[in-house]
Amino acid sequence: MVDILPLSSYPSYINLLPSIQTCNITNLPENYFLKYYLYHALTWPQLSFVAVMRPKNGYRHNKKLSGAGVGGEEYPKVVGYVLAKMEEEPVDGVPHGHITSLSVMRTHRRLGIAERLMRMSQRAMAESHRAHYVSLHVRVSNTAALRLYRDTLGFEVEKVESKYYADGEDAYAMRMDLKNMWVDWSEPDDDGQKESKKEGGEKKSGDGGDDDNQDEGDEVGSLGKKEDGKEKEKMVRVKVGRGLGVGDLVERNESVKSS
Ligand code: ACO
């Protein structure tokens, strides 16, 4: 049985990074230093996913797993991964996600693992980061990946990038719109209603309308109430991710450009 988990959900995902790196080296010529995987995991913890073989006795009861990495004990076997990020300095100024790398071990191909890894990462990009679209590069000769991206997932070829790879092969630059996956981020107003839900006129009784919100008893506390004379604390949305010179982390002798 194979489980697909966000990299950040594993009790100690740092322990899994070498196995993810092995999966990458086994399947692709574009390789990265271990710290580049760590950088992804720490900076965009929601966006990368890993496919692991479920341990026979489950995760919780497996003593070996709780001490994984100590004394040569076993990790769950990684059979696939998607390493993804938000583009830190988008040339077009539009916030968007990027698939850095995707691979599935030969033993586990054509089971839908890559499709699931991709869909979960795309959803996280849209929901957690409000990514407008997701981009990636793929070798023009990579028929399997091309079919996955274009035919199964719905990516479109944006352009061909000549001699993108270190060995001189061209790349398709592909992208897919994610705006249809956005969730409602509007802030609740004083009544706890979302602005967008308020539109559309009167509220009906039984649908959370005013009649349903009538206070039935005495005051139970002041938490959440507006204090006289004081301004209500405002929610502030903060930007996630910073430009930390990721380019320096890519193993340059393997690929011309980082993807
Ligand atoms: N030939 C033709 N179509 C394929 C193939 C193939 N060998 N493999 C997958 N597809 C297409 C099919 O449409 C398939 O749907 P179907 O099985 O219903 O016909 C669909 O993709 C989904 O297939 P999955 O089972 O989800 O794909 P899988 O888990 O086998 O992984 C992958 C596909 C990642 C391309 C795998 O073959 C692999 O790891 N290849 C080597 C590494 C690689 O090329 N990675 C992508 C590089 S680009 C980048 O990293 C941004």
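What counts as what
- Residues numbered from 1 in each chain as written.
- Predicted model: local features only at pLDDT ≥ 70, side-chain atom pairs only at ≥ 80, totals over all residues.
- Heavy atoms only, no water.
- Pairing = 2+ DSSP bridges.
- Helix = DSSP H or I, 4+ residues; strand = E, 2+ residues; numbered from the N terminus.
- Axes fitted to C-alpha atoms, helices over the stretch in contact; angles between N-to-C directions.
- Contact = heavy atoms within 4.5 Å.
- Buried < 20%, exposed > 50% of the residue type's maximum accessible area, 1.4 Å probe, protein only.
- pLDDT = per-residue confidence, 0-100.
- Phe/Tyr/Trp six-rings, centres within 6.5 Å; stacked < 30°, edge-to-face > 60°.
- Lys NZ or Arg CZ within 6 Å of the ring centre and 35° of its normal.
- Core = buried A, V, L, I, M, F, W, Y, C linked by side-chain atoms within 4.5 Å.
- Near = heavy atom within 4 Å.
- Polar contact = N/O pair within 3.5 Å; in protein donor to acceptor, adjacent residues only side chain to side chain.
- Nonpolar A, V, L, I, M, F, W, Y, C, P; charged D, E, K, R; others polar.
- Left-handed = near helix turned anticlockwise from the far one by under 90°.

**Describing the sheet that holds strand β3 (residues 78–86)**
The strands that make up a sheet pair up through hydrogen bonds in the backbone, lying either parallel or antiparallel.
Right, so step 1: Taken together, seven strands build an open sheet; the order of strands is β1-β2-β3-β4-β5-β7-β6 and the sheet is mixed. Because the sheet does not close on itself, it has two edges, and the strands there are β1 (2–6) and β6 (156–161). Each adjacent strand pair in this sheet contributes to an overall mean axis angle of 25°, direction not counted.
Right, so step 2: Here four bridges tie strand β2 (residues 49–53) to β3, and the two strands are oriented antiparallel to one another. Of the residues in β3, the one forming a bridge with Val50 is Tyr81.
Right, so step 3: Here helix α1 (residues 13–27) sits on the sheet and contacts β2, β3 and β4 (97–104); the angle it forms with β3, its principal contact strand, is near 95°.
Right, so step 4: In the packing of helix α2 (residues 34–43) onto the sheet, the strands contacted are β3 and β4, and the crossing angle to β3 comes to about 65°.

**Some points on the pairing of β3**
Right, so step 1: Counted residue by residue, β3 has nine buried out of nine residues, so it is predominantly covered.
Right, so step 2: Pairing of β3 with β4 involves seven bridges; the strand directions are antiparallel. Residue pairing across strands places Gly80 opposite Val104, the latter belonging to β4.

**Side note on the confidence of the model for the protein**
Right, so step 1: Residues at a pLDDT of 70 or more form 67% of the protein, whose mean pLDDT is 80.
Right, so step 2: Ignoring residues within four places in sequence, the model shows residues 65–73, a span with pLDDT below 50, making 13 contacts including any to other chains.
Right, so step 3: Within the model, the stretch residues 197–212 combines pLDDT values under 50 with 16 contacts to residues more than four positions away or in other chains.

**Topic: the packing of aromatic side chains**
Right, so step 1: Scanning the model with the defined rule gives five aromatic pairs in all.
Right, so step 2: Ring geometry for Tyr32 and Tyr36: centres 5.3 Å apart, planes at 40°, overall tilted. Of the two residues examined, Tyr32 and Tyr36, each falls in the buried class.
Right, so step 3: Aromatic pair Tyr32 and Tyr37: ring centres 6.1 Å apart, planes at 80°, arrangement edge-to-face.
Right, so step 4: A relative accessible area of 2% places Tyr32 in the buried class.
Right, so step 5: By relative accessible area, Tyr37 is classed as buried at 0%.
Right, so step 6: Three or more aromatic residues joined by ring pairs make a cluster, and in this case those are Tyr32, Tyr36 and Tyr37.
Right, so step 7: If you follow Lys35 out to its NZ or CZ, it ends over the ring of Phe33, 5.9 Å from the centre.
Right, so step 8: Here the basic side chain of Arg139 rests over the ring of Tyr165, its NZ or CZ set 4.3 Å away from the ring centre.

**Details of the nonpolar core**
Right, so step 1: Membership of the largest hydrophobic core comes to 34 residues, with the highest contact counts inside it found for Ile99, Leu102, Met118, Tyr149 and Phe155.
Right, so step 2: If you list the elements that add at least two residues to this core, you get β2, β3, β4, α4 (113–129), β5 (133–139), α5 (143–153) and β7 (171–177).
Right, so step 3: When residues in this core are grouped by element, the largest group, seven residues, is from α4.
Right, so step 4: Aside from chain neighbours lying at most four places away, what touches Met118 is Val82, Ile99, Leu102, Leu136, Tyr149, Leu153 and Phe155.

**Structural notes on the site of the ligand**
Right, so step 1: The full set close to the ligand counts 22 residues, and Leu102, Val104, Arg110, Gly112 and Asn142 are the nearest of them.
Right, so step 2: For the ligand, an oxygen atom lies 3.3 Å from a polar atom in the backbone of Leu111.
Right, so step 3: One nitrogen or oxygen atom from the side chain of Thr152 is found 3.2 Å from an oxygen atom belonging to the ligand.
Right, so step 4: At six residues, α5 tops the list of elements feeding residues into the shell around the ligand.
Right, so step 5: Residues that form the shell around the ligand fall into these classes: 11 nonpolar, seven polar and four charged.

**Section: the packing of α4 against α5**
Right, so step 1: Orientation of α4 relative to α5, taken along the N-to-C sense of each, is 65°, at an axis distance of 11 Å. Crossing of α4 against α5: the hand is right-handed. Contacts between α4 and α5 involve Ala114, Glu115, Met118, Arg119 and Gln122 from the former and Leu148, Tyr149, Thr152 and Leu153 from the latter.
Right, so step 2: Across the contact of α4 with α5, the residue classes tally to five nonpolar, two polar and two charged.

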